[in-house]
Amino acid sequence: MVKAAFALAALAAAAEAAPSVAVYWGQKGGNRLRTYCDSTGFEYITVSFVINTPEKDTSGLNYPGTNFGAHCAAAVYTNPANNKKSKLLSGCDQITADIPYCQGKGKKVLLSIGGDATIAGVDYSLSNEQKGREFADFLWGAFGPKKTSWGTKPRPFGNSEVDGFDLDIEKKFSAAGQAAYVAFVTKMRQNFGTGSTKKITAAPECPLDDEYFKMKDIIKNAKFDALFIQFYNNYCGASGTQFNYNAWETHLKNTASKDAKIFIGLPSAPSAANAGSYLEPKKAVELINQYKNKPSFGGVMFWDAYLGLNKTAVTTPRNYIEYVHDEMLGIKPTSTRSSATPTPTPGTCKVYTVQSGDWCSKIADAQSISLTQLRQYNPSLNAEC
């Protein structure tokens, strides 16, 4: 058995620059989170959604509301003082168990706030900056690392913690409402602390016109690590002639998110977006190849995991998401990726020097080992490798 050892500093830098795939999960289908994390086709999985801010809670508890589709029991936290129910789900045992499973597979698990604001019961507006800071503190205490200072307050995912938070704001708020979300992001970063690997991402819709740019002030004034831009359901979508990736690249230069990586957001199946938004797999890869060498390019986002990881949804040997992921990274479809943990033979250590343009999955594929094995052989690798 060949054991892969690498120049770790160079490898970490290469891994940081490698394109990634992000998927949303939670609103469609009924399969457990862990069943998707067995796929090698993505690096980020975003659990969706937190649909209400604490201000909207009528139970008196001031808890946010969540909706994870068919993936949680209907139980919610109830105020013992008046027996009124909040909208914060408390019966998410499978998600609780599956988050560390996914993280063990090398996935970053994010929690998204927002979603389709036209759906009845969805209201994630904030009235002022203080409410934004309070919202950030609640989500950090409830879904971040478990701390004794949180006491007996809700932990919907138990001891599990997410790797960051995502804003999928699909309603244009007032200036005060957007400023509140800037305060949210700022406070969340303070909660993360110096040197944290936690992420804050956003999924803005692609229009940059003032009338339709719903997250304009938020992106201008808040620092995001990545933007999962929804290049679909709009005139600026990836399937049309007005695809505006370059305009986004230019726009971000004068914002607090100037260093955010841009992910090209695509629907993972025809039914995942409006008619005409979907790109066939090869067309998607052709588009990505035009942009993937740009310094601003972070990868691809798919809505959503359930549809895109359904092998019957496409006519390629792999499912849609895995196909795009592997083609983007140059991974051969015939490669065998064993998840078994090998037992290295003493004295057989192969050293590989990282080359310009390398990233972890590409190296693992070339050495006929899995990413899991690569991490086991090199425990100092960057967490995003």
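Reading the values: rules and limits
- Residues numbered from 1 in each chain as written.
- Predicted model: local features only at pLDDT ≥ 70, side-chain atom pairs only at ≥ 80, totals over all residues.
- Heavy atoms only, no water.
- Helix = DSSP H or I, 4+ residues; strand = E, 2+ residues; numbered from the N terminus.
- Buried < 20%, exposed > 50% of the residue type's maximum accessible area, 1.4 Å probe, protein only.
- Contact = heavy atoms within 4.5 Å.
- Areas by Shrake-Rupley, 256 points an atom, 1.4 Å probe, with all protein chains shown as cover.
- Arc of directions from axis to C-beta.
- Polar contact = N/O pair within 3.5 Å; in protein donor to acceptor, adjacent residues only side chain to side chain.
- Salt bridge = Lys/Arg side-chain N within 4 Å of Asp/Glu carboxyl O.
- Core = buried A, V, L, I, M, F, W, Y, C linked by side-chain atoms within 4.5 Å.
- Disulfide = S-S within 2.5 Å.

## Describing the overall build of the chain
- What the chain contains, in helices and strands, is 12 helices and 13 strands.
- Taking all 385 residues of the chain together, 53% fall into the buried category.
- Sequence-distant contacts, at least 24 apart, represent 71% of the contacts inside the chain between residues at least 6 apart.
- With the model as given, the accessible surface of the chain reaches about 16700 Å², and the carbon-plus-sulfur share is 50%.

## Thoughts on helix H8 (residues 281-291)
- Along H8, the positions that sit buried rather than exposed are Pro 281, Ala 284, Val 285, Leu 287, Ile 288 and Tyr 291. One side of H8 holds all its buried residues, which, seen down the axis, span an arc of 160°. Turned more than 90 degrees away from the buried face of H8, the exposed residues are Lys 282, Lys 283 and Gln 290.
- Contacts from the buried residues of H8 go to helix H7 (245-252), strand E11 (261-267), strand E12 (297-303) and helix H10 (320-329).

## Some words on H10
- By the criterion of burial, H10 is predominantly enclosed, with nine of the 10 residues buried.
- Three or more residues of H10 are buried, namely Tyr 320, Ile 321, Glu 322, Tyr 323, Val 324, His 325, Asp 326, Met 328 and Leu 329.
- Where H10 begins, one side-chain oxygen reaches toward the backbone nitrogen of Ile 321, 3.2 Å away; that side chain belongs to Asn 319.
- Looking one or two residues beyond H10, the residue adopting positive phi is Gly 330, at roughly 75°.

## Remarks on the pattern of salt bridges
- Scanning all chains against the criterion turns up 14 salt bridges.
- For the salt bridge of Arg 318 with Asp 326, the shortest nitrogen-to-oxygen distance reads 3.3 Å.
- Residue Arg 318 is classed as buried on the basis of its relative accessible area, which comes to 11%.
- Here Glu 327 makes a salt bridge to Arg 318, at a shortest N to O gap of 3.3 Å.
- Through salt bridges with shared partners, a single ionic network connects Arg 32, Arg 34 and Asp 98.

## Observations concerning the nonpolar core
- Judged by nonpolar contacts, the single largest core of 105 residues is most densely connected at Ile 113, Phe 165, Leu 167, Tyr 181, Phe 184, Phe 224 and Trp 248.
- Residues contacting Phe 184, with those up to four places away along its chain left out, are Ile 113, Gly 132, Phe 135, Ala 136, Leu 139 and Leu 167.

## Considerations on unusual backbone geometry
- In this structure, the amide linkage connecting Ser 48 to the following residue, Phe 49, adopts the cis form with an omega of 5°.
- Although it is not a glycine, Asn 83 sits at a positive phi angle of roughly 65°.
- In this structure Asn 83 comes out as exposed when scored by relative accessible area, which is 63%.
- Even without glycine at this site, Asn 233 takes up a positive phi of about 65°.

## Considerations on the state of the cysteines
- Evaluation of the coordinates by the stated rule reveals three disulfides.
- With a sulfur-sulfur separation of 2.0 Å, Cys 37 is cross-linked through a disulfide to Cys 102. The chirality of the disulfide connecting Cys 37 with Cys 102 is right-handed, given an S-S dihedral of about 95°. Of this pair, Cys 37 sits in helix H2 (residues 33-37) while Cys 102 sits in helix H3 (residues 93-104), placing them 65 residues apart in sequence. Side by side, Cys 37 and Cys 102 carry an identical accessibility label, which is buried.
- At a sulfur-sulfur separation of 2.1 Å, the disulfide partner of Cys 72 is Cys 92. Judged by the sign of its S-S torsion, about 115°, the bond between Cys 72 and Cys 92 is right-handed. Within this pair, whereas Cys 72 is found in the loop between strand E4 (65-66) and strand E5 (76-78), its partner Cys 92 is found in the loop between strand E6 (85-89) and H3, the two being separated by 20 residues in sequence.

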